[in-house]
Amino acid sequence: MVIRFESLSGQDKKRLCDLMVSRRASLFLGAGVSRDSAGSNPTMRSAGELCRDLVELNSLPQNTSLQRAYSRLSEEQKSLEITEHYTCTTPGETIKRIADHPWQRVYTLNVDNCLEIAFRELSERRNFDKDSLETFNFVDSFSELSAEKRCSIVHLHGYVKRPADGYVFSTTEYAKFMSAPNSWMLTLSQLIRTDLFIVAGSSFDEVDIEYYLTQRSQSTIRRDVPMSILIEPYPNVLTEDLCNDHEFCLFEGTVLEFFSELEAIDPRISNCWIDNEDDGLSAVKLGRAERLRFSAAFETIPDDPGRTPNPARFLLGAELTWPMISANSDMPRDVFSEVRDHIIATADNPDFRLFLIVDTAGAGKTAFLKRLAFDISRGPDNVFWHSGLNFDLGPKRSAEIIDSIPGRVYIFVDNFADNLNAISLILERLSRKDIAFVCTERDYRLPYIENAFTGEDYRFVRNSLLSTRSEALALRALNVSEGLSTIASVSDQAFIQQSVNTSIAEVNCRIQNNFRTLDAITESLRQECDASEQMTFLTVALARFCFSMGVRRSILSVISSHDNVEYLLSDSSSLPIKYSDHNSGFVVPKISVIGDRILEIERASRRSELLRAFVDLATALAPRVNIGAIRRRSPDALLLGRLMDYDNNIKRLIDQHAEEFYARLKPLCEWNARYWEQMSLLKLDRFLSSPDDSFLLQESVQHARAATSIEQHPFSLTTLAKVLLQAMDRSPSNRDQYFSEAWTHLVIADEKESRWPGRGATLFVVCFDGVIRYLDGGGQLSGEQNEKLRDMIAATHRIKSKDRGLIRLRERLAAAI
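Below or above, wherever it landed, is the structure these notes cover. (Residues numbered from 1 in each chain as written. Predicted model: local features only at pLDDT ≥ 70, side-chain atom pairs only at ≥ 80, totals over all residues. Heavy atoms only, no water.)

What to know about the pattern of salt bridges
Applied cut-off: Just to be clear on terms, a salt bridge is a Lys or Arg side-chain nitrogen sitting within 4 Å of an Asp or Glu carboxyl oxygen. Each helix corresponds to a stretch of at least 4 residues labelled H or I by DSSP, and each strand to a stretch of at least 2 residues labelled E; elements are numbered beginning at the N terminus. Relative accessibility thresholds used throughout: buried, under 20% of the residue-type maximum; exposed, over 50%; partly exposed, between the two (1.4 Å probe, protein chains only).
What the rule picks out here adds up to 61 salt bridges. Taking the shortest distance from any N to any O, the salt bridge between Lys802 and Asp457 comes out at 4.0 Å. Highlighted residues: Lys802 in the loop between helix 38 (783–798) and helix 39 (804–816) and Asp457 in the loop between helix 19 (446–452) and strand 13 (459–462), separated in sequence by 345 residues. Residue classification places Lys802 among the partly exposed positions, given a relative accessible area of 26%. Judged by relative accessible area, which is 27%, Asp457 ranks as partly exposed. Residues joined by salt bridges that share partners form a network here, namely Lys651, Asp655, Glu659, Asp685 and Arg686.

What to know about a nonpolar patch on the surface
Where we set the bar: Residues with no salt bridge and a relative accessible area higher than 30% make up the patches, which join like charges within 9 Å and nonpolar side chains (Val, Leu, Ile, Met, Phe, Trp, Tyr) within 5 Å. We get accessible surface area from the Shrake-Rupley algorithm with a probe of 1.4 Å; when it comes to residues, only the shown protein chains can shield them.
On the surface, Ile627, Ile630 and Trp671 cluster together into a nonpolar patch covering about 240 Å² of accessible area. Positionally, Trp671 belongs in the loop between helix 32 (658–669) and helix 33 (673–689). The class of Trp671 is partly exposed, set by a relative accessible area of 33%.

A closer look at helix 33
Keep this limit in mind: Here a helix's expected span is defined as the number of its residues, less one, multiplied by 1.5 Å. Polar contact is the term for a pair of N or O atoms within 3.5 Å; when the atoms are in protein, one must be able to donate a hydrogen and the other to accept it, and sequence-neighboring residues count only if both atoms are side-chain atoms.
The terminal C-alpha atoms of helix 33 lie 25 Å apart, and with 17 residues this matches the ideal 24 Å at 1.5 Å per residue to within 8%. In terms of residue burial, helix 33 counts as a mostly covered element, since 14 of its 17 residues are buried. At the N-terminal end of helix 33, a side-chain oxygen is found 2.9 Å from the backbone nitrogen of Arg674, two or three residues along, and the residue is Asn672.

Some thoughts on the side chain of Gln190
Spelled out, the test is: Contacts are assigned to residue pairs with any non-hydrogen atoms lying within 4.5 Å of each other.
Topologically, Gln190 is positioned in helix 8 (residues 183–194). Among the polar contacts listed, one links the side chain of Gln190 to the side chain of Arg624, at a separation of 3.1 Å. Each residue touching Gln190, except ones within four places of it in the same chain, is listed here: Ser554, Ile555, Ser557, Val558, Ala620 and Arg624.

Quick notes on helix 18 (residues 416–429)
Heads up, the rule is: In this scheme, the bend at a residue equals the angle between the axes fitted to the seven residues that finish there and the seven that begin there.
Its 14 residues give helix 18 an end-to-end C-alpha distance of 18 Å, which sits within 8% of 20 Å, the value for a rise of 1.5 Å per residue. Along helix 18, the helix axis deviates most sharply at Ala422, where the bend reaches about 40 degrees. For helix 18, the tally of buried residues reaches 10 of 14 residues, placing the bulk of the element in the interior. If you check which residues of helix 18 are buried, you get Phe416, Ala417, Asp418, Asn419, Leu420, Ile423, Ser424, Leu425, Ile426 and Leu427.

Here we look at the sheet that holds strand 15 (residues 577–579)
Short version of the rule: Between any two strands, at least two bridges found by DSSP are needed for them to pair.
Ordered by their spatial adjacency, three strands build an open sheet running 14-16-15, and the pairing between neighbours is antiparallel. Each of the sheet's edge strands pairs with one partner strand only, and the pair in question is strand 14 (551–552) and strand 15. Bridge count between strand 15 and strand 16 (residues 586–589): three bridges; the pairing is antiparallel. The residue of strand 16 that forms the bridge with Lys578 is Val588.

Regarding the packing of helix 35 (residues 714–730) against helix 37 (residues 762–776)
We count it as follows: Axes, fitted as lines to C-alpha atoms, cover a helix only where it is in contact. Angles between the N-to-C directions of the axes lie from 0 to 180 degrees. Throughout, the term roughly parallel applies to angles under 35 degrees, roughly antiparallel to angles over 145, roughly perpendicular to angles from 65 to 115, and oblique to all others. Throughout, a crossing is termed right-handed when the near helix is turned clockwise from the far one, and left-handed when it is turned anticlockwise from it by less than a right angle.
One way to put it is that helix 35 packs onto helix 37 with a least axis distance of 10 Å and a crossing angle of 15 degrees. Classified by the angle between their axes, helix 35 and helix 37 sit roughly parallel to one another. In the crossing of helix 35 with helix 37, the sense of the turn from one axis to the other is left-handed. Packed against helix 35, whose contacting residues are Thr718, Lys722, Leu725, Gln726, Met728 and Asp729, the element helix 37 presents Thr762, Leu763, Val766, Gly770, Arg773 and Tyr774 at the interface.

Overview of the sheet that holds strand 10 (residues 382–386)
Here six strands make up an open sheet; going across it, the order is 8-10-11-12-9-13 and the pairing mixed. With partners counted over all chains shown, the strands left at the sheet margins are strand 8 (298–300) and strand 13, one partner each. Across the sheet, the mean angle separating the axes of adjacent strands is 25 degrees when strand polarity is ignored. Of the strand pairs in this sheet, strand 8 and strand 10 are connected by three bridges, and their pairing is antiparallel. Bridge pairing in strand 10 links Phe298 to His386.

Considerations on the state of the cysteines
Quick reminder of the rule: Note on terminology: pairs of cysteine sulfur atoms within 2.5 Å are recorded as disulfides.
Applying the stated criterion across every chain yields a total of zero disulfides. With no disulfide of its own, Cys249 lies closest to Cys243 among cysteine sulfurs, the gap being 7.9 Å.

Some remarks on the packing of helix 28 (residues 607–621) against helix 30 (residues 635–644)
Two numbers describe how helix 28 lies on helix 30: the axes approach to 10 Å, and their chain directions differ by 145 degrees. The two elements helix 28 and helix 30 meet at a crossing, and its hand is left-handed. Two secondary-structure elements touch here, helix 28 through Phe614, Leu617, Ala618 and Leu621 and helix 30 through Asp636, Leu639, Leu640 and Leu643.

What about the packing of aromatic side chains?
Filter applied, for reference: Stacked, tilted and edge-to-face are the three classes applied to pairs of Phe, Tyr and Trp rings, where Trp contributes its six-membered ring and a pair requires centres within 6.5 Å; stacked means planes under 30 degrees apart, edge-to-face means over 60, and tilted covers the rest. Only when the NZ atom of a Lys or the CZ atom of an Arg is both within 6 Å of the ring centre and within 35 degrees of the ring normal do we say a charge sits over the ring.
According to the stated counting rule, one finds 27 aromatic pairs in the structure shown. Aromatic pair Phe142 and Trp184: ring centres 5.2 Å apart, planes at 50 degrees, arrangement tilted. Of this pair, Phe142 sits in the loop between strand 3 (133–137) and strand 4 (151–155) while Trp184 sits in helix 8; the two residues are 42 residues apart in sequence, bridging distant segments of the chain. Looking at Trp184, the relative accessible area reads 0%, which means it is buried. Look at Tyr675 and Trp676: their rings are 5.0 Å apart centre to centre, the planes differ by 85 degrees, and that puts the pair in the edge-to-face class. Accessibility classification places Tyr675 together with Trp676 in one group, the buried group. Among the aromatic side chains, those forming a connected cluster through ring pairs are Phe5, Trp103, Phe251, Phe258 and Phe259. Positioned over the ring face of Trp385 is Lys370, at 5.8 Å from the centre of the ring. For the cation-ring pair, Arg378 lies above Phe374, with the distance from its terminal atom to the ring centre recorded as 4.1 Å.

Things to note about the environment of Glu602
Within the secondary structure, Glu602 is located in helix 27 (residues 592–605). Accessibility expressed as a relative area gives 4% for Glu602, which makes it buried.

A closer look at the environment of Ala761
Structurally, Ala761 can be placed in the loop between helix 36 (735–753) and helix 37. Remark: the alpha-carbon pair of Ala761 and Asp563, spanning 198 residues in sequence, is separated by 46 Å. Discounting residues that sit within four places of it in the chain, Ala761 has contacts with Asn451, Ser801, Asp803 and Leu806.

Observations regarding the nonpolar core
Using the following cut-off: We define the nonpolar core as a collection of buried residues of types Ala, Val, Leu, Ile, Met, Phe, Trp, Tyr and Cys that are connected through side-chain atoms lying within 4.5 Å of one another.
Judged by nonpolar contacts, the single largest core of 64 residues is most densely connected at Leu542, Ile594, Phe614, Leu617, Leu643 and Phe661. Once you skip the residues sitting within four places of it in the chain, Leu542 turns out to touch Leu599, Ala613, Phe614, Leu617, Leu643 and Leu653. Listed in part, the 58 residues of the second largest apolar core include Phe5, Leu16, Ile229 and Val255.

Quick notes on the environment of Thr762
Along the polypeptide, Thr762 turns up in helix 37. Judged by its relative accessible area of 40%, Thr762 falls in the partly exposed class. In this structure, Thr762 is in contact with Asn451 and Thr718, ignoring residues within four places of it in sequence. Within the structure, Thr762 has its side chain in polar contact with the side chain of Asn451 (distance 2.9 Å).

Let's talk about unusual backbone geometry
A positive phi angle, near 60 degrees, is found at Glu247, a position not held by glycine. Among the secondary structure elements, Glu247 is positioned in the loop between helix 10 (237–245) and strand 7 (248–251). Positive phi, close to 55 degrees, is recorded for Asn463, a residue that is not glycine. Here Asn463 shows up in the loop between strand 13 and helix 20 (469–481).

And the structure:
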């Protein structure tokens, strides 16, 4: 039986309002919402009226469908009957009310521009930025949501302002676009499975609506999200059946009536366009839009977060919130005062602006960082927590705002490696010295940081958070007091011997599991789940290993069954996952150390399952990744790039299946220069293992050349130079030829990279190592090459790289030339 809006509980209605106010509802529009708007005619035609007029226009049989009637139109008729007729001059009250609400994104089957006109009128009244509206047509590449855009509209069937793109009315056209890898259709079909949607202007009986609805059912929806709503003033039996089948709540009425009812439930609905003023920026002159964008990336620690004294939730893996910090629910750490002093000294020292805390997975880095941020925020200084979101303002404007904040500034950044590029760009542009970026990262990513983070001297502490004697005993006592300990009678001495110098997460996990070893606990938990649940958890663990934010819930819903995801998100699962602290739309393992151990177990004995996780995750991400997403460094593009990374991830986790992984990915990613660059590195590694197979080296060179033919990027040029220098070693007779070509690519790469605000060590390592081998093999450098190398050596000193390999090679090269 269909669920009607009036039958929802007051609590469910309030939850719906909460998500709509916070811009977490998406909108799906049909033709009905434009009926009271005007274009070339006083009212715009409905789909039925358009069909009737087109049938009469070309004297077609009365039972001709709209799709067939449209297919018989001439280009002149299309211009008159579609483009001109649906070009809006006066938006109606319905579309005006829709425009007056902040939607996550609007997907429309309408070709008219009514919503765009209505939103521009709203923007003028509210003094929004002129570029706060973005419109996409169905032929455009996918683009991430951006905090700077207040309204984002996707036209799935075409758009009157872009008639040259065509319209999608005929069955043949629609089938073609649905079967092709159209990024907007694919991503919408992912989102509609799980996210909150309001559908208006459609009765659910069109073929295109039905296509998307087939993706959604009782087995895909999220129970922690309110029911999606269909607004329909005249529902029929078919409409009710489809609502029931696809878990939509039916609101019988108009769009205006829907909003009136919501406003009566929650007055905030009548004026949702309120920007955050309590953001620590009161002394800085910022426009409303700039304030919103800056606060989206840099959050202030609340002055009065309230108190939630429930340490049991944190001990069981729940997110450590500011109220929990305020209630002292976290574990006190012995090293706190020492590290705090280091941080204050960093802010006071003009030579250092970054302090890095490096430790093992599960050491409690995030909780420790939050405690530090909360403690320092209680003083007179300005303290911000980096949300992990991209900087929509751009690094230049972000730096200008940070420079203008009066008083000393601290910015806390978790998972530094994932945010390294953005932080580097801001530091490059900052003038002030009384600032400290306080960052954490897992220890195995330190080599990457040393290679990639340049231009700044920084201080760091390593392995300072491994559990001490007093911490282990305190953690055991806390678990006992909360009724969570399952340790059998054991002496303090035996407990301490197995707990000291171990990650705090491992100690906590063992306390709650009768002090068995972590591997035994992990295998036991894995065995308690069925194969599909294990696979879902493995996918999430892999995503979290590659990218700290994890994987989107909507992406995971494509890979895994809804029931599995819901179960793993519950407290009942043996392998629980949770929503990411950085973004509520992403999921990560609830206990990160268990996720890492699961990956190690799969790597050691079940690599075929790990291969499947790689392939499934990459395949689901691919429709969201394009050139624009890569340049914006969107979360999906970053995660897909990490999944393709041969040296750091593929070789480490699924080396024996690497060829199969890249082959499965080829149809989706062969346009991407990074794909061929990683293929080149794979073939090079295989050649180094089997140097008698020269064909492998030839393949490596050709794949690297393919990457540079797609994009002359410093990374792809450097990779090509790297494999050419290997060819030089294997072919002494062609030594000078290979070196000359490699040198040319390195010079071009260096010229391009030298214009970057921040640059890594990789190019210098490849160049210096190759030159040393060339000289050792009897090669001679020209005067111009010697001069260039001296310039490059000087450049490595300027960028202040801490890469140990680069420093060693630089000393050898300086001595040689």
